[in-house]
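Observations on chain architecture
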Amino acid sequence: MNCGGSDEASCEDILAEVWLFLDNECDQQRRAAVQEHLDGCGSCLEHFGIEEHIKALLHRKCSGEHAPTELKERLRSSIREAVLSKAEVTVERGPDGTSVEVRTKRISSAE
């Protein structure tokens, strides 16, 4: 799914970065690109709204307290499974440390 031209980020790429965007963990250039896409794509904006609501709900339910360890582990596991089901992950270890590359899988029309 891609709602823009070939230069623009695909919807899958944008949705993969929603939590980074919500947590202000992406650089300003990427943040602007995500915001521009959300402003022009109703489908992605709707998904963004759901994720934003989940984040707000988690904040309300866990504010002032630390989330229980079991909840953290279930969330990590669920997020990991969701990301890995939609991504190709490459881990390389070298003399300079470990690098991890995550790319979204392209779904072919045959699937």
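Right above here is the structure, for reference.
Residues numbered from 1 in each chain as written. Predicted model: local features only at pLDDT ≥ 70, side-chain atom pairs only at ≥ 80, totals over all residues. Heavy atoms only, no water.

**A few points about the pairing of strand β1 (residues 87-94)**
The sheet contact formed by β1 and strand β2 (residues 97-104) spans eight bridges and is antiparallel. Paired with Ala 87 across the two strands is Thr 104, which belongs to β2. (Pairing = 2+ DSSP bridges. Helix = DSSP H or I, 4+ residues; strand = E, 2+ residues; numbered from the N terminus.)

**As for the side chain of Glu 17**
Within the secondary structure layout, Glu 17 lies in the loop between α1 (11-16) and α2 (18-22). With a relative accessible area of 15%, Glu 17 lands in the buried category. In this structure Glu 17 touches Arg 30 and Val 34, once residues within four positions along its chain are discounted. (Buried < 20%, exposed > 50% of the residue type's maximum accessible area, 1.4 Å probe, protein only. Contact = heavy atoms within 4.5 Å.)

**Here we look at the pattern of salt bridges**
Enumeration according to the criterion identifies three salt bridges in this entry. The partner of Asp 23 in a salt bridge is Lys 55, and the shortest N-O contact between them spans 2.4 Å. Highlighted residues: Asp 23 in the loop between α2 and α3 (28-40) and Lys 55 in helix α4 (residues 42-62), separated in sequence by 32 residues. Judged by its relative accessible area of 30%, Lys 55 falls in the partly exposed class. (Salt bridge = Lys/Arg side-chain N within 4 Å of Asp/Glu carboxyl O.)

**Remarks on the nonpolar core**
Where a protein is soluble and globular, its nonpolar side chains tend to be buried together. If you look at the biggest cluster of nonpolar residues, it comprises ten residues: Cys 11, Ile 14, Val 18, Phe 21, Leu 22, Val 34, Leu 38, Cys 41, Cys 44 and Phe 48. If you tally residues by element for this core, the top one is α2, at three residues. (Core = buried A, V, L, I, M, F, W, Y, C linked by side-chain atoms within 4.5 Å.)

**What to know about unusual backbone geometry**
Positive phi is not limited to glycine here, since Asn 24 has a value of about 55°. On the secondary structure map, Asn 24 appears in the loop between α2 and α3.

**Some remarks on the packing of aromatic side chains**
Scanning the entire structure with this criterion turns up one aromatic pair. Ring geometry for Phe 21 against Phe 48: centres 5.6 Å apart, planes inclined by 75°, an arrangement best described as edge-to-face. In this pair, Phe 21 is assigned in helix α2 and Phe 48 in helix α4, connecting sequence segments 27 residues apart. For the residue pair Phe 21 and Phe 48, the accessibility class agrees, reading buried in each case. In this arrangement the basic side chain of Arg 31 is found over the ring face of Phe 21, its NZ or CZ atom lying 4.0 Å from the centre. (Phe/Tyr/Trp six-rings, centres within 6.5 Å; stacked < 30°, edge-to-face > 60°. Lys NZ or Arg CZ within 6 Å of the ring centre and 35° of its normal.)

**A few points about a nonpolar patch on the surface**
Together, Leu 75, Ile 79, Val 83, Leu 84, Val 89, Val 91, Val 100 and Val 102 make up an exposed nonpolar region whose accessible area comes to about 640 Å². When residues in the nonpolar patch are grouped by element, the largest group, four residues, is from helix α5 (residues 69-85). Along the chain, Leu 75 turns up in helix α5. (Patch = residues over 30% accessible without salt bridge, like charges linked within 9 Å, V, L, I, M, F, W, Y side chains within 5 Å. Areas by Shrake-Rupley, 256 points an atom, 1.4 Å probe, with all protein chains shown as cover.)

Remember, this is a structural readout, not a statement about activity or role.
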